[in-house]
Every structure is written in C-alpha cells, then in structure tokens.
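Read off the chains here:
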Amino acid sequence: MPSKADTPPTDALHYPWESHPGPDRVVEVLPGVLWLRLKLPFRLNHVNVYLIADGEGWALFDTGFGNEATIAAWTTLLEGDLSGVQLSRVIVSHAHPDHLGLAGWLVARFQCPLQMSQLEFLHGVYHQHRRTEERVENSRLFFRRHGMDEAMTLQLLGRGQDYLKKTVPMPAAYQRLSHGDRLMIGAREFQVMTGAGHSPDQVMLYCAADNFLLSADQVLSKISPNVSVWAQEPDEDALGAYLHSLRMIAAAVPDDALVLPGHGVPFYGLQVRIGQLAAHHEERCEVIAEACIASARTAAELVPIVFNKHVLDAHQAGFAAGEVIAHVNYLLAQGRLKQVDHRAGICDGLLRFKTS
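The structure contained in this document is the topic of the report that follows.

Procedures and definitions
- Residues numbered from 1 in each chain as written.
- Predicted model: local features only at pLDDT ≥ 70, side-chain atom pairs only at ≥ 80, totals over all residues.
- Heavy atoms only, no water.
- Helix = DSSP H or I, 4+ residues; strand = E, 2+ residues; numbered from the N terminus.
- Rg over C-alpha atoms; globule rule 2.2 N^0.38 Å.
- Buried < 20%, exposed > 50% of the residue type's maximum accessible area, 1.4 Å probe, protein only.
- Contact = heavy atoms within 4.5 Å.
- Areas by Shrake-Rupley, 256 points an atom, 1.4 Å probe, with all protein chains shown as cover.
- Lys, Arg positive; Asp, Glu negative; His and termini not counted.
- Charge placed at Lys NZ, Arg CZ, Asp CG, Glu CD.
- Polar contact = N/O pair within 3.5 Å; in protein donor to acceptor, adjacent residues only side chain to side chain.
- Pairing = 2+ DSSP bridges.
- Salt bridge = Lys/Arg side-chain N within 4 Å of Asp/Glu carboxyl O.

## Some thoughts on the overall build of the protein chain
Looking only at helices and strands, one finds eleven helices and 16 strands in the protein chain. For the protein chain, whose C-alpha radius of gyration is 21 Å, the value lies close to the compact-globule estimate of 21 Å for 356 residues. Put simply, the protein chain has 356 residues, and 56% of those count as buried. Relative to all contacts within the protein chain whose residues are 6 or more apart in sequence, the contacts with residues 24 or more apart total 67%. Per element, the accessible surface of the protein chain, about 14,800 Å² overall, is 52% carbon and sulfur. Here the protein chain carries 30 positive and 39 negative side-chain charges, and the mean point of each set is 5 Å from the other.

## Some remarks on the side chain of Ser93
Tracing the sequence through the fold places Ser93 in the loop between strand 6 (87-91) and helix 2 (97-100). On the basis of relative accessible area, Ser93 is assigned to the buried category, the value being 0%. One polar contact links Ser93 to His94, side chain to side chain, over a distance of 2.8 Å. For Ser93, the contacting residues outside a window of four places in its chain are Phe61, Asp62, His99, Glu120, Asp201, Gln202, Val203 and Ala216.

## Some thoughts on the side chain of Ser215
Residue placement: Ser215 occurs in strand 12 (residues 212-216). Taking relative accessible area as the criterion, Ser215 reaches 0% and is therefore assigned buried.

## Focus: the pairing of strand 11 (residues 202-207)
Taking burial as the measure, the six residues of strand 11 include six buried ones, the bulk of the element. Here strand 11 shows a buried face lined by Gln202, Met204 and Tyr206 and a second buried face lined by Val203, Leu205 and Cys207. As paired elements, strand 10 (residues 188-195) and strand 11 share five bridges and run antiparallel to each other. The residue bridging Gly195 from the neighbouring strand is Gln202, located in strand 11. What sits between strand 10 and strand 11 in their antiparallel hairpin is a turn of six residues, with Gly197 showing a positive phi close to 110°. Strand direction decides the pairing type here: strand 11 and strand 12, joined by three bridges, are antiparallel. Counterpart to Tyr206 in the pairing with strand 12 is Leu213.

## Structural notes on the pattern of salt bridges
Overall, the coordinates contain seven salt bridges when judged by the stated rule. Salt-bridge contacts for Glu150 lead to Arg144; the nearest nitrogen and oxygen are separated by 2.4 Å. Residue class for Glu150 comes out partly exposed when judged on its relative accessible area of 32%. Each of Glu137, Arg140, Arg144 and Glu150 takes part in a single network of salt bridges with overlapping partners.

Below is the structure:
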C-alpha cells in the first residue's frame with residue numbers, strides 16, 4: 001500500500017506542476033516528452049504514463065490497468081489529443097497491472113515490440129497464472145504463519161491479491177532491457193537502470209543529455225512505494241534491496257534532474273526525496289523494533305501498530321501485511337530482530353519476532 005511519507009518543507013523539492021489536468025489530456029513536460037494520467041479502480045487512483053518522441057513514432061513508457069475502462073480511456077486519447085500518433089514500442093517498467101496491464105492490447109493494436117527486463121516479463125507471466133490450487137495454499141499458509149486469522153487470510157487471498165492478474169494477455173515475445181544498457185529512443189540516449197524492492201527488477205530510464213529520469217515506482221514524489229514480501233519468496237530482504245537501489249540512483253542521477261514518476265507529479269530534488277524515503281523506512285523499522293522489546297510479536301500484531309493511522313480495506317491490508325513482513329525481514333538481516341518460534345510455552349507454529 002503506497003503510504004504518505006513525511007515531506008518537510010524544503011526549497012530543494014520543487015513541483016513544476018501541482019496536478020495533471022485529467023485523463024483525457026496530454027501535457028508536454030519536455031520537448032518530445034508527453035505526460036498522460038490514467039485512472040485506477042482503487043485508492044491509489046491514477047498512474048502516470050509517458051510518450052517519448054521516437055523517430056516518426058512515439059515510445060510509450062507504461063500502459064495503465066488491464067480493464068475496459070482503461071481501454072476506453074486510451075481510445076478517447078487516440079481519437080483526441082493523440083490522434084494520428086503511432087507507437088513505435090511499448091516499454092514497461094515492471095509487472096504490476098497498473099503499468100503492464102494493457103501492454104498486450106497496445107502491442108497488438110500498433111504491431112510494435114514490447115521492451116522490459118527479463119525478470120519483470122516472467123513475473124508478469126507468473127501473475128497471470130498464479131491462482132493454482134498449490135499457490136493459493138502456499139499463500140494461505142504464509143499469512144497464517146504470520147498470525148493472520150482465517151477470515152483475514154481469506155480476504156487477503158481474494159480481493160487483496162486478485163488485482164495482480166488484471167492484465168490483458170501478455171505478448172508472447174519481448175525485447176530484454178538490462179541494467180547498464182544504453183537505449184536509443186529517437187535522438188535521445190537513455191541509461192537503463194533497474195532496481196528491486198517494489199518489484200523484482202523495475203526498469204528506470206535516465207537521459208543525461210536532457211537530465212531527466214523516468215523513475216517508475218522506485219522514487220515517487222509524495223508517497224512511499226510499497227515494499228513487500230510475499231509467499232513465493234518468504235525470506236526475501238526486499239527492503240534491503242530497495243534501499244540499495246536508492247543509493248544506486250542517488251549515485252547515478254544528479255539532484256537537478258527532472259524526475260517523472262509512475263504516480264504523483266514530476267519533481268526536482270531527487271537527492272532530498274531519496275533521503276526522505278530512506279528515513280521513512282528507518283522510522284518504520286524503529287517502530288517495529290520498539291514494539292518487539294517487551295514481548296515477541298507476529299507480523300499480524302505489528303500491522304495495526306505500524307499502520308495505526310490507516311483504515312485498511314482488503315486490497316490495502318494485503319499490502320500492509322507484506323510491507324510489515326519486508327521490514328521484519330530487513331531487521332532480521334540486520335540483526336536487529338530475532339525470530340522466536342514460541343511464546344510462554346505456546347507452540348502454535350506462528351512466527352514471532354523480538355528485538356535482539
């Protein structure tokens with residue numbers, strides 16, 4: 001669940017646009033770079049996608065959600081402000097359905113290639129076929145071991161995770177993007193960077209000549225991207241990987257770059273924003289460590305402590321649980337928490353954690 005991260009007043013953060021004018025409008029953020037916003041059917045109610053001039057066509061960065069409403073929105077755009085536009089390629093940052101959802105529809109419509117990292121392509125295929133009986137049972141046991149009761153577990157297995165398969169059928173082929181690649185889009189050269197944490201191998205593009213970064217969901221302007229651990233890799237240190245990626249971005253991209261994120265508004269002040277995101281996660285780690293001093297706690301017991309200011313629906317509760325487990329796994333890797341398998345003589349199979 002994307003969550004509000006502290007954004008103290010500072011002259012180093014600047015937002016050239018306070019908001020986007022709407023889902024049927026196009027904003028030119030730089031010569032040959034267009035910003036579009038598409039609606040989403042949950043609390044995080046929009047996703048940003050971008051068009052980059054690419055010879056006689058346009059390269060699209062991310063696609064929107066895989067539903068009929070987004071197809072209708074694209075149809076309106078292609079008959080309106082984008083009339084006559086031809087897509088030369090579709091670049092997808094990562095496999096979440098608000099970014100990958102309509103890749104198959106757009107690739108088929110424009111007969112153009114799909115470009116994304118290998119791990120994200122395979123992750124997208126996994127999401128489309130993830131609801132096997134074996135995988136559902138694995139997820140059920142994962143949530144139960146972390147202390148979720150049966151009612152909450154059923155919610156999380158239903159609406160809480162069902163959104164992940166909201167993509168139209170993916171293209172059968174793609175062109176791989178890898179960290180360190182140089183990618184030409186029209187006359188512009190982009191450095192391909194990938195980062196984990198929010199998604200396994202999320203693609204970002206940095207154009208040094210024009211000093212702008214397509215940051216996808218790795219660095220957002222005013223909210224913190226969700227960093228979670230899920231049943232298919234229960235011991236993953238997703239938060240450690242995410243913090244590592246922030247340090248990599250900070251070293252590669254200057255502070256005066258224009259950042260074009262997957263949600264929110266474009267901004268300047270990348271280094272300050274990265275510092276805020278790192279501090280936000282450390283604050284959550286401290287809350288968890290403090291809560292586990294007096295007694296060992298399950299992840300389920302930690303969710304209302306960490307998200308005490310939020311009313312969570314099933315969709316958000318799944319993200320909240322995954323994010324708490326990500327922080328727990330990071331603290332375990334750092335030696336700041338230890339796992340205890342029982343409490344006061346109770347051997348119930350639940351995972352509990354105590355401050356070291």
